[in-house]
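Observations on the three-dimensional arrangement
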There are 2 protein chains.
Amino acid sequence: MDTRTGLPVVGMVGGGQLARMTHQAAIALGQSLKVLAASPEDGAARVAADVEIGAHTDLAALRTFAKGCDVVTFDHEHVPGEHIRALAAEGITVYPPADALHFAQDKQAMRERLADLGAPAPRWAPVHTAADVAAFAAEVGWPVVAKATRGGYDGKGVWVLPDAAAAGALVATGTALIVEERMPLRRELAVMVARSPHGQVAAYPVVETVQRDGVCVEVVAPAPDLPQERAVAAQRLAIDVAGALGVVGVLAVELFETADGLYVNELAMRPHNSGHWSIEGSRTSQFEQHLRAVLDYPMGDTALTAPVVVMANVLGGPDGGRSIDERLHHLFAADPGAKVHLYGKGVRPGRKIGHVTVLGDDLATVRARAARAARWLQEGTA
Amino acid sequence: MDTRTGLPVVGMVGGGQLARMTHQAAIALGQSLKVLAASPEDGAARVAADVEIGAHTDLAALRTFAKGCDVVTFDHEHVPGEHIRALAAEGITVYPPADALHFAQDKQAMRERLADLGAPAPRWAPVHTAADVAAFAAEVGWPVVAKATRGGYDGKGVWVLPDAAAAGALVATGTALIVEERMPLRRELAVMVARSPHGQVAAYPVVETVQRDGVCVEVVAPAPDLPQERAVAAQRLAIDVAGALGVVGVLAVELFETADGLYVNELAMRPHNSGHWSIEGSRTSQFEQHLRAVLDYPMGDTALTAPVVVMANVLGGPDGGRSIDERLHHLFAADPGAKVHLYGKGVRPGRKIGHVTVLGDDLATVRARAARAARWLQEGTA
């Protein structure tokens, strides 16, 4: 507890943009997020008052960091489970707990657990050899999707294998893998819930996520033309998964929508790119909600603040002779209502450096404005 | 400029809640507000990464602070004009400029300048002796309102004088004073505009401000039952004043509404309590808008995000056996949609420690919710 204010201290391991935006939410709650960053150059380390520098794989650093935190949580899923268990054994409150986070860290464990729960999922198999992959493909057909069981994010650690030769080359790298059937996608959806230790769960509206080259480029809230029944089924699925896995904090469930229905693609147990729209688009942002959940505060209202909310990611683009500051001027002149979030990162082609959110009444208009705003920041041109 | 991000650095003199909330807005713009705080215990100093400790009256401290800032601005109006002029003479960009800020620092100068501009105002007079006050009262009638020309805020520096004896006692303190007629108020209103060096001005909807014991307790946006014509007149007045005075940044114009019309009460050239509702209630918060203005970015959209927005201030209340953290739990359980902003201050009776904002469709409901939320945090009981 911060004895000056009488309010709890939340520590977040990882100093990226998720911690940066969580810090903004913590300020409103009277707090200051404590951050364990890998480097003083990290997005959150540049804006927060209470920052320690250390590796998330270093138990001693984690232990030092946890001192003085009422609860420790994460900006990513890469902290080793044994470290989290060691902290918990020493009486430190860590959310989500290691036993829940495990299913966001290990895709094979996630697939097995979801199968136990009867959650709809693509057909899948653990594989060790090229022959395993070929046997699976004989069942579901080429191409198949291979995923590294651990460490993937933003399209990294995911491969589409067209044939046995590609499978052989990937297996030869020694990466631990599962394979999944390639679903006949209509589109991708995501649903976020937040669960408190008390067991209260709040669900956000289901959103559509649009990917390009495995990276999310756009999120539309609520997902257009989604039948109410299917939206409720998605929310119920996420609520059930959060409860069954013992998640505390936010849980993002990424879904495939096919002609037949919904299938779970991935789980994330932290504020998630598919929820950035909620900063302006929901009465309670995912960042505030995550804090409320890990602090066991009652959950906030998840209602939309406008009929249509579109978030577009801003990736580092070509130099184009215009600084990001100059691009901001142009964007603000072109669209006074576009809300910009920059992550304090240097620009590198393809790197997520921020996002923009636009709210309104008409889907096509809002979508076009968000895309144009992102393009301005990314390419320095409309 | 921050060479790591290519974005400008804004320095704010003063480390209170206005700087604290401006820092939240700066983070979204890819920046980190640089803060000159009087103490490491100040609300903004507790949450910002780049903080210097120093007095706003110390030119050397201001000079050191200004190094590395692209623009220097203020969380309060107490920096001596000669210090601001000294910085400007050394090539430092300071907004608002000293020549504009002067009219927010000196009430006599403000009254004289507004009279030159023909802005509607209460009858007033500079006074030096009890006889001056009595002569003024002979014209406008007792009681009269006396104001310290410099240094007042939140009802401090304002006195209602019932008679000549009270006037004599106040004059005897040696405080430099003006006196004003006591207007037959219908209510108080406020209008905020933001002006960039380029001369672009954006106006917010006119709000009603409710005071108790000289302290603002509630702000209703937009001001209920305000004829469109009068609202536009108020916005136009604020735009004209901002332009005439050369304001850069936000300008809050506090107004009296009487049966006859509107009269200027006070000017503030910084984010203002009457604009806190804009964090959730406007597409662009006053804090983002102030940053955009002092950076000469194009102004953001000032549209309301809901038909009714009510902000209620939270003052430090009686202990009541419930910590602020416990009060938060109760409030969040009672009203999942109430948005809380705590300023990181210890609780002292009567001290502003935060505010709550509620949005909705129905004035009476939203007002009741905001009042109840503030009461929960203030008194620990509904």
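Worth saying up front: this structure is predicted, and the values here are computed from it rather than measured.

Points about the overall build of chain A
- Along its length, chain A carries 12 helices and 17 strands.
- The C-alpha radius of gyration of chain A comes to 21 Å, within 12% of the 21 Å expected for a compact globule of 382 residues.
- For chain A, the spread of C-alpha atoms along the principal axes amounts to about 60 × 55 × 45 Å.
- A burial count over chain A gives 59% of its 382 residues as buried.
- Pairs at least 24 apart in sequence give 62% of the contacts found in chain A among residues at least 6 apart.
- Summing over all exposed atoms, chain A offers an accessible surface of approximately 13,800 Å²; the carbon and sulfur share of this is 52%.

Some thoughts on empty space enclosed by the protein
- As enumerated under the stated definition, the model contains six cavities of 30 Å³ or more in all.
- Forming the walls of the largest cavity are 34 residues, and the residues nearest its centre are A:Ile279, A:Glu280, B:Ile279, B:Glu280 and B:His341.
- Mapped onto the lining of the largest cavity, the elements with two or more residues apiece are helix H1 (17-28), helix H9 (278-281), helix H10 (286-294) and strand E16 (339-342) of chain A together with helix H1 (17-28), helix H9 (278-281), helix H10 (286-294) and strand E16 (339-342) of chain B.
- A breakdown of the residues in the lining of the largest cavity according to their chemical character gives 15 nonpolar, 11 polar and eight charged.

Description of the pairing of strand E12 (residues 215-221) of chain A
All names here are of chain A.
- Most of E12 is tucked away: seven of the seven residues are buried.
- Pairing geometry for strand E11 (residues 207-212) and E12, over five bridges, is antiparallel. Each bridged residue has a counterpart across the sheet, and for Val 210 the counterpart in E12 is Glu 218.
- Between E11 and E12, which pair antiparallel in sequence order, lie two residues; one of them, Asp 213, sits at a positive phi of approximately 55°.
- Note: E12 against strand E15 (residues 308-315), four bridges, orientation antiparallel. Within the sheet, the bridge partner assigned to Glu 218 lies in E15 and is Ala 312.

Side note on the relation of the copies chain A and chain B
- In screw terms, the move from chain A to chain B is a rotation of 180° and a rise of 0.0 Å along the axis, fitting with an RMSD of 0.0 Å. Look at the turn and shift together and you get a two-fold axis relating the two. Residue A:Ala49 of chain A places its C-alpha closer to the rotation axis than any other residue of that unit, at 2.2 Å.
- Taken together, the interface assignments show that 100% of the residues at the interface of chain A recur at the interface of chain B, consistent with an identical surface on both copies.

Considerations on the UniProt feature "binding site: ATP" (unreviewed entry) in chain A
All names here are of chain A.
- Here the UniProt feature "binding site: ATP" (unreviewed entry) sits at Lys 107, Lys 147, Glu 188, Asn 265 and Glu 266.
- On the secondary structure map, Lys 107 appears in helix H5 (residues 107-117).
- Topologically, Glu 266 is positioned in strand E14 (residues 262-268).
- What makes Glu 266 buried here is its relative accessible area of 12%.
- Setting aside residues no more than four positions away along its own chain, Glu 266 makes contact with Lys 107, Met 110, Lys 147, Ala 252, Val 253 and Glu 254.
- At 3.0 Å, the side chain of Glu 266 forms a polar contact with the side chain of Lys 107.

Let's talk about the environment of A:Leu342
- Note that A:Leu342 resides in strand E16.
- On the accessibility criterion, A:Leu342 (5% relative accessible area) is buried.
- Not counting chain neighbours up to four residues away, the residues in contact with A:Leu342 comprise A:Arg20, A:Ile324, A:Leu328, A:Ile353, A:Gly354, B:Leu7, B:Ile27, B:Ala28, B:Leu29 and B:Gly30.

Here's the deal with the packing of helix H5 (residues 107-117) of chain B against helix H8 (residues 228-245) of chain B
All names here are of chain B.
- With their axes 11 Å apart at the nearest point, H5 and H8 run at an angle of 110° to one another. It follows from the interaxial angle that H5 and H8 lie roughly perpendicular. Both H5 and H8 take part in a crossing whose hand is right-handed. Contact residues: H5 offers Arg 113, Leu 114 and Leu 117, while H8 offers Val 241, Ala 244 and Leu 245.
- Its residues placed into classes, the contact of H5 with H8 shows five nonpolar, no polar and one charged.

As for the interface of chain A and chain B
- With 50 residues of chain A at the contact, the number on the chain B side is 50 residues.
- A combined buried area of about 4,000 Å² lies between chain A and chain B, and 55% of that area is made up of carbon and sulfur atoms.
- For the pair chain A and chain B, the interface holds four salt bridges.
- Put simply, A:Glu288 and B:Lys339 hold a salt bridge, and the shortest N to O gap is 3.2 Å.
- Here chain A and chain B share 21 residue pairs in polar contact (both at pLDDT 80 or more) between them.
- Secondary-structure elements contributing two or more residues to the side of chain A that touches chain B are H1, H10, helix H11 (324-334) and E16 of chain A.
- With six residues, the single largest contributor to the side of chain A that touches chain B is H11(A).

About the criteria used
Residues numbered from 1 in each chain as written. Chains lettered and ligands numbered in written order. Predicted model: local features only at pLDDT ≥ 70, side-chain atom pairs only at ≥ 80, totals over all residues. Heavy atoms only, no water. Helix = DSSP H or I, 4+ residues; strand = E, 2+ residues; numbered from the N terminus. Rg over C-alpha atoms; globule rule 2.2 N^0.38 Å. Buried < 20%, exposed > 50% of the residue type's maximum accessible area, 1.4 Å probe, protein only. Contact = heavy atoms within 4.5 Å. Areas by Shrake-Rupley, 256 points an atom, 1.4 Å probe, with all protein chains shown as cover. 1 Å grid on protein atoms, 1.4 Å probe; cavity = no way out; pocket = protein on both sides within 12 Å on 5 of 7 lines; lining within 4 Å. Points joined across faces, edges and corners; volume = space filled by probe spheres on them. Nonpolar A, V, L, I, M, F, W, Y, C, P; charged D, E, K, R; others polar. Pairing = 2+ DSSP bridges. Least-squares fit on C-alpha atoms with pLDDT ≥ 70 in both. UniProt positions renumbered as here; feature names shortened; annotations may be inferred. Polar contact = N/O pair within 3.5 Å; in protein donor to acceptor, adjacent residues only side chain to side chain. Axes fitted to C-alpha atoms, helices over the stretch in contact; angles between N-to-C directions. Parallel < 35°, antiparallel > 145°, perpendicular 65-115°, else oblique. Left-handed = near helix turned anticlockwise from the far one by under 90°. Buried area = accessible area lost by both parts, 1.4 Å probe. Salt bridge = Lys/Arg side-chain N within 4 Å of Asp/Glu carboxyl O.

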